[in-house]
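Structural description and commentary
Next come the chains, spelled out residue by residue.
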Amino acid sequence: METNISNLVIKKTNLPKRIPKESELGFGINFTDHMFVMDYVTNIGWTDPVIQPYSSFLIDPGCVVFHYAQAIFDGLKCFLGIDGRVRFFRLKNYFERFNRSAEALCIPQFDADEVISYLKELIELDKEWIPDSFGTALYIRPLIIARDNLLGVRSSKKFTMFIILSPVGTYYAEGFNPVKILVEENRSRTCPGGIGDAKTPANYAASLYAAERAKAKGFTQVLWLDSSEKKYVEEVGTMNIFFRIGDELITPPLEGTILPGITRDSVIKLAKKEKMKISERRISIDEVYKAHDKNQLREIFGTGTAAIISPVGQLSYKGRLISINNNQIGEWSQFFFDTITSYQYGKAEDPFGWISYLE
Ligand SMILES: *Cc1c(COP(=O)(O)O)cnc(C)c1O
C-alpha cells in the first residue's frame with residue numbers, strides 16, 4: 001500500500017557537496033546534501049513535511065530541548081547490495097521503536113509508514129552518497145526535539161522531527177575486532193522506573209562520565225550493571241550484550257532498563273532458527289567470572305546497528321582483567337556477524353522478511 005505523500009515539499013540544493021571517499025568515511029562525520037524536516041503543532045498534528053538542503057537550524061535559546069532534554073532519536077542503516085539494489089534492514093521495526101520512545105518522552109505519535117515514505121524520497125535524492133563497499137552503509141538518524149520556548153517544566157506543545165543521513169564506515173577504530181571493556185562499579189546509565197528502554201539523548205548524557213573515564217584508562221567502553229544491586233549485567237556501552245557460556249547463549253531480559261535493540265532481537269531469532277540454546281535471563285557479573293574460572297566462558301559480544309556485532313576480547317572487574325577466547329573473535333560472534341551482514345548486502349537470501357528495498 002502506497003502512502004500518500006503529495007503534501008511533501010522538496011527543495012533541492014544548488015550547491016552539492018563533494019561526496020567523501022571511502023577512506024574519509026569514519027562514523028557520522030559527513031552528512032549528505034539534504035535532510036527531512038516536519039513540525040508538530042497542537043490541534044493540527046504533524047505538518048509541513050519538507051526535504052531541504054542540509055543546513056543549520058535557528059533555535060531560540062529558551063527552547064525546551066536545550067533545558068530539559070525532551071528529545072528522542074533512533075539509528076538505522078541502508079546498504080548498497082552486491083546486486084546494486086538499496087536495502088533496508090528491519091526498517092519498520094526501527095520506526096515503531098521510535099514511536100515507543102516518543103511515548104516515553106511525552107512526544108506525539110507519528111504515522112510510521114508515512115515517515116518511511118518521506119525517508120525513501122530523501123534517500124532517493126541522496127542515493128549517490130550510499131557507499132558501496134562491504135562494511136560501509138548510509139546511516140540514518142531520525143530525531144524529534146521539543147520546540148516550545150519557555151523555562152517552566154512541562155511537556156512541549158511544539159516539536160520538530162528531522163532526519164539526517166551520514167555515509168559511514170566501521171563504528172569502532174578496532175573494526176570487527178575484539179574490544180577491551182571496563183565493568184562500571186559506581187555509575188548507572190539508567191534505573192528501574194527510568195527511561196532506559198527509550199532511545200533518548202538524556203540516557204547518553206548520563207553515560208558519558210563513566211565512558212570517558214574508562215577511555216582514559218585504556219578501555220573502549222564500559223559494561224553497565226543494574227543500578228540497584230550492582231550485580232547483574234545490563235548493557236555494554238550503547239550496545240546490548242550476549243555471553244556464550246558452554247553452549248548456552250545468554251542475554252539480559254528486557255525489564256525496562258535495557259534498550260530493546262533490533263540487532264539483539266535479530267541475534268535471538270537467528271539463534272532460535274539455528275536451534276542454539278538461547279536464554280533471556282539475568283546474568284550476574286559473578287556468574288561471568290565464575291564461568292571464566294571454570295573455562296566455560298567462551299564468547300562475549302555486544303550488538304548494535306552501528307557495529308552489528310562487537311566481540312569483547314578483554315573484561316576488567318574490580319581490578320581483575322580477563323581475556324575471552326584469547327582476545328580473538330569467537331565462532332558464534334563471527335556467525336552472527338556474517339549472517340546478518342550477508343542479508344544486509346544481499347549475499348544471502350533473508351528467510352525472516354527483514355530486508356526491504358528502496359525501489
Ligand atoms: C541503540 C542502542 C542499542 C542497540 O540497538 P540496535 O537497535 O541494535 O541498534 C543498545 N543499547 C542502547 C543504549 C542503545 O541506545
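Shown above is the structure to which this text applies.
The sections below set out a description of the structure shown in this document. (Residues numbered from 1 in each chain as written. Predicted model: local features only at pLDDT ≥ 70, side-chain atom pairs only at ≥ 80, totals over all residues. Heavy atoms only, no water.)

A count of helices and strands for the chain gives seven helices and 18 strands. In summary, the chain has a C-alpha radius of gyration of 21 Å against a globular reference of 21 Å for 359 residues, a match within 12%. Each of the three principal axes of the chain carries a C-alpha extent, and together these read 60 × 55 × 35 Å. When the 359 residues of the chain are sorted by exposure, 54% land in the buried category. Considering only intrachain contacts with a sequence separation of at least 6, the fraction spanning at least 24 residues in the chain is 71%. In the structure as shown, the chain presents an accessible area of about 16200 Å², 49% of it carried by carbon and sulfur atoms. Computed over 43 positive and 44 negative side-chain charges, the separation of the two mean positions in the chain equals 4 Å. (Helix = DSSP H or I, 4+ residues; strand = E, 2+ residues; numbered from the N terminus. Rg over C-alpha atoms; globule rule 2.2 N^0.38 Å. Buried < 20%, exposed > 50% of the residue type's maximum accessible area, 1.4 Å probe, protein only. Contact = heavy atoms within 4.5 Å. Areas by Shrake-Rupley, 256 points an atom, 1.4 Å probe, with all protein chains shown as cover. Lys, Arg positive; Asp, Glu negative; His and termini not counted. Charge placed at Lys NZ, Arg CZ, Asp CG, Glu CD.)

Residues in contact with the ligand amount to 14 residues; listed here are only the nearest, Lys-199, Tyr-204, Glu-235, Thr-263 and Thr-305. Within the side chain of Tyr-204, a nitrogen or oxygen atom sits 2.5 Å from an oxygen atom of the ligand. Measuring from a nitrogen atom of the ligand, one finds a backbone N or O atom of Thr-238 at 3.3 Å. For the ligand, whose unbound accessible area comes to 380 Å², protein coverage reaches 96%. Split by residue class, the shell around the ligand holds four nonpolar, six polar and four charged. (Near = heavy atom within 4 Å. Polar contact = N/O pair within 3.5 Å; in protein donor to acceptor, adjacent residues only side chain to side chain. Nonpolar A, V, L, I, M, F, W, Y, C, P; charged D, E, K, R; others polar.)

This next bit is on the state of the cysteines. All chains considered together, the criterion is met by zero disulfides. The structure places no disulfide on Cys-106, whose sulfur is separated from the nearest cysteine sulfur, that of Cys-63, by 16 Å. (Disulfide = S-S within 2.5 Å.)

Bringing the packing of aromatic side chains into the picture now. This model, assessed by the stated rule, comprises 21 aromatic pairs. Ring centres of Phe-73 and Tyr-204 lie 5.2 Å apart, and the angle between their planes is 70°; on these two criteria the pair is classed as edge-to-face. Placement of the pair is Phe-73 in strand E4 (residues 71-73) and Tyr-204 in helix H4 (residues 201-216), with a sequence separation of 131 residues. The exposure class assigned to Phe-73 is buried, which follows from its relative accessible area of 7%. Ring centres of Phe-352 and Trp-354 lie 4.0 Å apart, and the angle between their planes is 10°; on these two criteria the pair is classed as stacked. Given the relative accessible area of 25%, Phe-352 is considered partly exposed. When its relative accessible area of 5% is taken as the criterion, Trp-354 is described as buried. Taking NZ or CZ as reference, Lys-180 lies 5.0 Å from the ring centre of Phe-219, over its face. Positioned over the ring face of Phe-134 is Lys-347, at 4.0 Å from the centre of the ring. (Phe/Tyr/Trp six-rings, centres within 6.5 Å; stacked < 30°, edge-to-face > 60°. Lys NZ or Arg CZ within 6 Å of the ring centre and 35° of its normal.)

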